[in-house]
Each structure stands twice: as C-alpha cells, then as structure tokens.
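Coordinates in review
Listed below are the residues making up each chain.
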Amino acid sequence: MNLYLRYFDNETLVSSADEAIEFLARIDEIGMNPDLEADIRDYVASDMIYPKRYKIRPRVYFIIIKTEAASMQEFKEKRTSHTADDAAPKSRGASPVVLKLTEEREGWYEGSIDFKRVLMVPGTGKFQYRDTHFVAQVKAFSGLDCYNRIVDHLRQRVDDRSQFPSAKGKNFKFIYLGKAK
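All of the points below concern the structure found in this document. Here the residue numbers are simple positions, counted from 1 along each chain's written sequence. Local features in this predicted model are restricted to residues whose pLDDT is 70 or higher, and side-chain atom pairs enter the listing and the counts only when it is 80 or higher, whereas totals over whole chains, interfaces and linings include all residues. With hydrogens and water stripped out, all remaining heavy atoms of the structure feed into the side-chain values.

Some words on the sheet that holds strand 3 (residues 52-57)
- Taking strand neighbours across the sheet as the criterion, the 4 strands line up as 2-1-4-3 in an open arrangement whose pairing is antiparallel. Each having just a single partner strand, strand 2 (10-14) and strand 3 make up the two edges of the open sheet. For this sheet the average axis-to-axis angle between neighbouring strands, irrespective of direction, equals 15°.
- The pairing of strand 3 with strand 4 (residues 60-67) spans 5 bridges and is antiparallel. Bridging from a neighbouring strand, R57 pairs with V60 of strand 4.
- The contact criterion used is simple: two residues touch if any of their non-hydrogen atoms lie within 4.5 Å. Note on geometry: axes are C-alpha line fits, over the in-contact stretch for helices, and angles between N-to-C directions span 0 to 180 degrees. Under the scheme used here, helices are H or I runs from DSSP no shorter than 4 residues and strands are E runs no shorter than 2 residues, and both carry numbers assigned from the N terminus. Strand contacts of helix 2 (residues 34-45): strand 1 (2-7), strand 3 and strand 4, with the helix running at about 30° to strand 4, the strand carrying the most contacts. DSSP bridges decide pairing: two strands pair if at least two such bridges lie between them.

The structure is reproduced here in structure tokens:
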C-alpha cells in the first residue's frame, strides 16, 4: 500500500509512514510535531481506506490517500479513470422520473401539484403558508412542459412568495391522457 500526499502544488507518492513524515517535515507551513507524526502513523497502520485531511489553518489542509498505485502516473491515471467511470453511469442511468418527465409526447396531460401558497389570515392581516393541491388538464409536449404551464398559470394567480416544488420531486405528478385533436 502506497500513500499519495498533497499540499497545494507539493505532491508525492511514498511507500511508508516514515517517507510521508519526511516529505511533510520539509514543508515549513505544516509544522511537523510529535502529535501529527503519531496521527499519521496511526492512519497508515489502520484499515481505514478513506482519504484523510489534516488542517493546517482555517481552510488550508494537506491530504493523504492510501493507494495501490505503484507510480505517480499510475495513481493519476486510476484517478481519472475512476472519475470517468463514476460520471458515466450517472448520465447513462438517469432516473426513470426524469426520463419520463422529458419524454416528448404531444397531447393532453393531467398534472397535479402540491405547493406552498401564501395566504392572508383575515383576522390578523398576517400571511402564512398553506399546503395547496392543484390539478389541471393542459395541452403540452411533455411532462415537463405540463409542469411549466401549470406553474406559469399559478404564478399569475397567487402571491409571489408562494413556493413551487421541483418537477422531479414527489409533489408533482402527471398522467398522459392522449393525443390532442
């Protein structure tokens, strides 16, 4: 197991806690001390696989990452391949709700939305949020277009402080009713 260490532009790949401590001791800002040295040795000896960062001063850290990479180039290549692999499934495997929401299918939709409507309390003259359920049948090109048309309609008729949920959330539902004639 090797260790990748980075502090701003200073980075290295070492094979032991001693080499890591030696690298960090050469950086004056870090201020190597017996407590930090003991903590680094404990981290290296532990089974923890997560990266560890150490605070130098407010918003300034150095990081240690355990890795199987044998060289700096191999570490950087693995890191870029992981980020590419991690990003790909997210874009490929978009949630079914989002896919259904953006699927273009012109026709009539029935959309229902639960939102927070601002209403004045008659006795006090103060305003409060009320959960409001609204259902409408609209002619649209997709579920997202249905959502946008309903929200545009409501924005013209309710207080500007009212809060509308995301189209992707559980507070908006729609049903495709059929083709427009």
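That shown, we press on.
Details of the sheet that holds strand 5 (residues 107-120)
- The strand order 6-5-7 describes an open sheet built from 3 strands, whose pairing is antiparallel. A single partner strand is all that each edge strand has here, and the edge strands are strand 6 (127-140) and strand 7 (172-178). When the angles between neighbouring strand axes are averaged without regard to direction, this sheet yields 20°.
- One ladder, built from 6 bridges, connects strand 5 with strand 7; its direction is antiparallel. Within strand 7, the residue paired with I113 across the bridge is F172.
- Against the sheet, helix 5 (residues 143-155) touches strand 5, strand 6 and strand 7, its axis set at about 130° to strand 6.

Quick look at helix 1 (residues 17-25)
- Throughout, exposure labels follow a simple rule: accessible area from a 1.4 Å probe, protein chains only, divided by the maximum for the residue type, with under 20% read as buried, over 50% as exposed, and the rest as partly exposed. Residues of helix 1 that are buried: A17, A20, I21, F23 and L24. All buried residues of helix 1 project into a common sector of 160° when viewed along the axis, lining one side. The arc in question is the one traced by the directions running from the helix axis out to the C-beta atoms.

Some words on the packing of aromatic side chains
- The aromatic pairing rule takes the rings of Phe, Tyr and Trp, using the six-membered ring of Trp, and pairs them if the centres are within 6.5 Å, calling planes under 30 degrees apart stacked, those over 60 edge-to-face and the rest tilted. Under the criterion given, the structure shown has 8 aromatic pairs.
- Ring centres of Y109 and F174 lie 5.9 Å apart, and the angle between their planes is 55°; this geometry places the pair in the tilted category. Here the residue Y109 occupies a position in strand 5, and F174 occupies one in strand 7, the gap between them amounting to 65 residues. F174 carries the same exposure label as Y109, and that label is buried.

A look at the packing of helix 1 against helix 2
- Put simply, helix 1 and helix 2 touch, their axes get as near as 10 Å, and they point 145° apart. When the axes of helix 1 and helix 2 are compared, the crossing they make is right-handed. Together, A17, D18, I21 and L24 of helix 1 and E37, I40, R41 and V44 of helix 2 make up the contact between the two elements. The handedness criterion is simple: a crossing whose near helix is rotated anticlockwise from the far helix by less than a right angle is left-handed, and one whose near helix is rotated clockwise is right-handed.

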